[in-house]
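Report on the structure
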Amino acid sequence: MFGNYLIGLREGLEASLVVCILVAYLVKTGHREALRPIWIGISVAVLVALGFGAGLEFGSQEMTFKAQEALGGSLSVVAVCLVTWMVFWMRRTARFLKSELHGKLDAALRLGTGALVATAFLAVGREGLETSLFVWTSVHAAGSDSGNTDPLIGALLGLGTAVFLGWLFYRGALKINLAKFFTWTGAMLVVVAAGVLAYGVHDLQEADFIPGINSLAFDISSTIAPDSWYGTVLKGVLNFQPDPTVLQVTVWALYLIPTLAIFFAPVGFAKSLGAKKPADVQGEGQKAVHEQGESADGRARGGDRADGDGERLRDGARRAGSSPVGDQG
């Protein structure tokens with residue numbers, strides 16, 4: 001339940017922040033008349049997302065068991081790819097999101113009502129479709145098809161919390177460090193996604209799309225019973241399975257470890273090494289040469305050397321791209 005609550009909270013909050021930015025900008029700039037088409041676009045996006053989720057749920061129920069497993073496994077892989085991309089995209093562009101949306105709104109205001117509806121629909125629709133897909137695959141992996149409604153309740157509670165937080169942001173009643181929030185929830189979402197991916201592989205194995213369903217990595221069902229409280233917690237948070245296949249464990253590790261390592265790597269880490277580009281080194285050399293040349297000029301004016309020597313020294317250094325070498329006289 002916690003894993004699905006996290007999915008609903010994180011994904012829902014991204015959409016809530018988009019709505020908050022759109023509405024607040026129009027109110028502050030005195031374009032309240034544009035709120036109606038914005039809300040129309042948002043409503044259409046929400047309906048499309050709900051329809052997509054309902055289509056997945058009810059459409060899959062008409063399929064055979066193997067077809068259901070194939071669909072669930074395939075969509076789990078797709079959902080994990082989309083969520084991973086979105087996590088890294090938000091990490092990289094969150095600081096520019098507000099200005100980007102403001103620019104799109106300015107352009108839409110010049111074009112009219114239809115453009116405003118389309119802007120709101122596209123801004124929220126992407127989040128909505130991704131959330132529907134990831135929630136559906138996560139709920140499916142957590143076993144709601146076996147009559148357990150806790151995963152679905154957890155996802156809905158997360159979405160409800162996200163809407164409430166979005167309203168508090170708009171009212172200015174809540175201020176949190178969004179950079180840290182998205183960093184840590186993004187990392188936890190990667191952990192959840194690893195479990196969804198592993199379960200998707202298991203679905204594809206059950207559908208005979210991938211071999212190895214009988215090659216178990218380990219079986220600790222007698223130690224961690226799936227119906228125990230701790231087994232339920234592990235299942236809800238990590239999509240833990242007490243008897244995974246070798247391929248499941250392999251895919252889980254190959255996704256989780258590199259993804260978290262890249263996610264926590266500092267942005268622009270090459271610059272932090274202090275390495276300078278060749279052009280920068282050359283520029284610094286030229287600056288040093290210029291300063292030394294000016295010093296040489298000063299000494300020449302004092303009778304120590306001719307005026308042309310300093311200029312020739314600087315010209316030679318510019319061609320060499322390094323500090324001058326030789327007798328300074």
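Here, residues in each chain are numbered from 1, in the same order as that chain's written sequence. Note on the predicted model: pLDDT of at least 70 is required for a residue's local features to be given, and 80 or more for side-chain atom pairs to be given and counted; whole-chain, interface and lining totals, by contrast, use all residues. Hydrogens and water molecules were not included; the side-chain quantities draw on all heavy atoms of the structure.

Here we take up the overall build of the chain. Helix and strand counts for the chain stand at 11 helices and zero strands. Ordered by position from the N terminus, the helices and strands of the chain form the series α-α-α-α-α-α-α-α-α-α-α. The proportion of buried residues among the 329 residues of the chain is 41%. Long-range pairs, those at least 24 residues apart, make up 79% of the contacts in the chain with a sequence separation of at least 6. Accessible area of the chain: about 17800 Å², with a carbon and sulfur share of 65%. Secondary structure is summarised from DSSP: a helix means a run of H or I of at least four residues, a strand means a run of E of at least two, and numbering begins at the N terminus for each. Think of it in three bands: residues with accessible area under 20% of the maximum for their type are buried, residues over 50% are exposed, and the middle band is partly exposed, with areas taken using a 1.4 Å probe on protein chains only. In this analysis, two residues are considered to be in contact whenever any of their non-hydrogen atoms come within 4.5 Å of each other. Each accessible area value is a Shrake-Rupley result obtained with a 1.4 Å probe; residue values ignore everything except the protein chains displayed when judging cover.

Below, the discussion takes up the pattern of salt bridges. For salt bridges, the criterion is a side-chain nitrogen of Lys or Arg within 4 Å of an Asp or Glu carboxyl oxygen. Tallied over the entire structure, the rule returns three salt bridges. Of the charged contacts, one joins glutamate 14 and arginine 10 as a salt bridge, the two residues approaching to 2.9 Å between their closest N and O atoms. One end of the pair, glutamate 14, and the other, arginine 10, are both in helix H1 (residues 2-28), four residues apart, so they sit about a helical turn from each other. Comparing glutamate 14 with arginine 10, the two get one shared label, buried.

Attention shifts here to the side chain of threonine 84. If you trace the backbone, threonine 84 turns up in helix H3 (residues 65-111). Contacts described as polar in this section are N or O atom pairs within 3.5 Å, which, within protein, must combine one atom able to donate a hydrogen with one able to accept it, while residues neighboring in sequence count only if both atoms come from side chains. One polar contact links threonine 84 to tyrosine 255, side chain to side chain, over a distance of 2.7 Å. Other than its neighbours up to four places away in sequence, threonine 84 contacts Tyr255 and Thr259.

Our focus in this paragraph is the confidence of the model for the chain. Summary of the metric used: pLDDT quantifies the predictor's per-residue confidence within the range 0 to 100. Averaged over every residue, the pLDDT of the chain is 75; residues scoring 70 or more account for 74%. Confidence, read as mean pLDDT per element, is least for helix H11 (residues 307-320) in the chain (43) and greatest for helix H8 (residues 246-264) (93). Overall, residues 269-329 carries pLDDT values under 50, and its contacts beyond four positions in sequence, including any with other chains, amount to 38 contacts.

Turning next to a nonpolar patch on the surface. A surface patch of nonpolar side chains, about 350 Å² in accessible area, is lined by Ile40, Val44, Val48, Phe52 and Leu129. Per-element accounting of the nonpolar patch gives the leading share, four residues, to helix H2 (residues 35-61). Patches here are clusters of residues that have more than 30% relative accessible area and form no salt bridge, with a 9 Å joining cutoff for like charges and a 5 Å cutoff for nonpolar side chains (Val, Leu, Ile, Met, Phe, Trp, Tyr).

What follows deals with the nonpolar core. Throughout, nonpolar core names a set of buried Ala, Val, Leu, Ile, Met, Phe, Trp, Tyr and Cys residues whose side chains join them through atoms within 4.5 Å. Counting residues in hydrophobic clusters, the biggest one holds 34 residues, and the most contacted among them are Leu13, Leu22, Ile38, Leu101 and Leu105. Elements with a contribution of two residues or more to this core: H1, H2, H3, helix H4 (113-142), helix H5 (150-171) and helix H6 (178-206). For leucine 13, the residues in contact, after removing those within four places along its chain, are Gly8, Ala162, Leu165, Gly166, Phe169 and Phe181. Core analysis: the next-biggest nonpolar cluster, separate from the first, contains 26 residues, Phe134, Trp136, Ala155 and Val192 among them.

With that out of the way, let us pick up the packing of aromatic side chains. Each aromatic ring pair is described using two quantities: the centre-to-centre distance and the angle formed by the ring planes. Note on aromatic pairs: the rings of Phe, Tyr and Trp (six-membered ring only in Trp) are paired at centre separations within 6.5 Å, and the planes decide the class, stacked below 30 degrees, edge-to-face beyond 60, tilted for the rest. A full pass over the atoms with the stated rule returns five aromatic pairs. With 5.7 Å between their ring centres and 80 degrees between their planes, phenylalanine 88 and phenylalanine 263 make a pair best called edge-to-face. Taken together, the positions of phenylalanine 88 in helix H3 and phenylalanine 263 in helix H8 put the pair 175 residues apart, joining distant regions of the chain. Neither residue differs from the other here; phenylalanine 88 and phenylalanine 263 are each classed as buried. Where phenylalanine 263 meets phenylalanine 264, the ring centres are 5.4 Å apart and the plane angle is 80 degrees; that geometry is what we call edge-to-face. Given the relative accessible area of 2%, phenylalanine 263 is considered buried. Members of the aromatic cluster, joined through ring pairs, are Phe88, Trp184, Phe263 and Phe264.

Another point: unusual backbone geometry. Non-glycine residue aspartate 208 carries a positive phi angle of around 65 degrees. Position of aspartate 208 among the secondary structure elements: in the loop between H6 and helix H7 (229-238).

Turning to H5, a few remarks are in order. Residues separated by three or four positions in an α-helix point in the same direction, a consequence of the helix having 3.6 residues per turn. One less than the residue count of a helix, multiplied by 1.5 Å, gives the span that helix is expected to have. Compared with the 32 Å implied by 1.5 Å per residue over 22 residues, the 32 Å span of H5 between its first and last C-alpha is a close match. Those residues of H5 that fall on the buried side of the exposure criterion are Pro151, Gly154, Ala155, Gly158, Ala162, Leu165, Gly166, Leu168 and Phe169. With its buried residues spanning 160 degrees around the axis, H5 presents them on a single face. H5 presents Leu156, Val163 and Arg171 as exposed residues on the side facing more than 90 degrees away from its buried surface. This arc is built from the directions going out from the helix axis to the C-beta atoms.

Moving on: the environment of leucine 133. Among the structural elements, leucine 133 can be located in helix H4. Residue classification places leucine 133 among the buried residues on the basis of a relative accessible area of 5%. Placed 81 residues apart in sequence, leucine 133 and phenylalanine 52 show a C-alpha to C-alpha distance of 8.0 Å.

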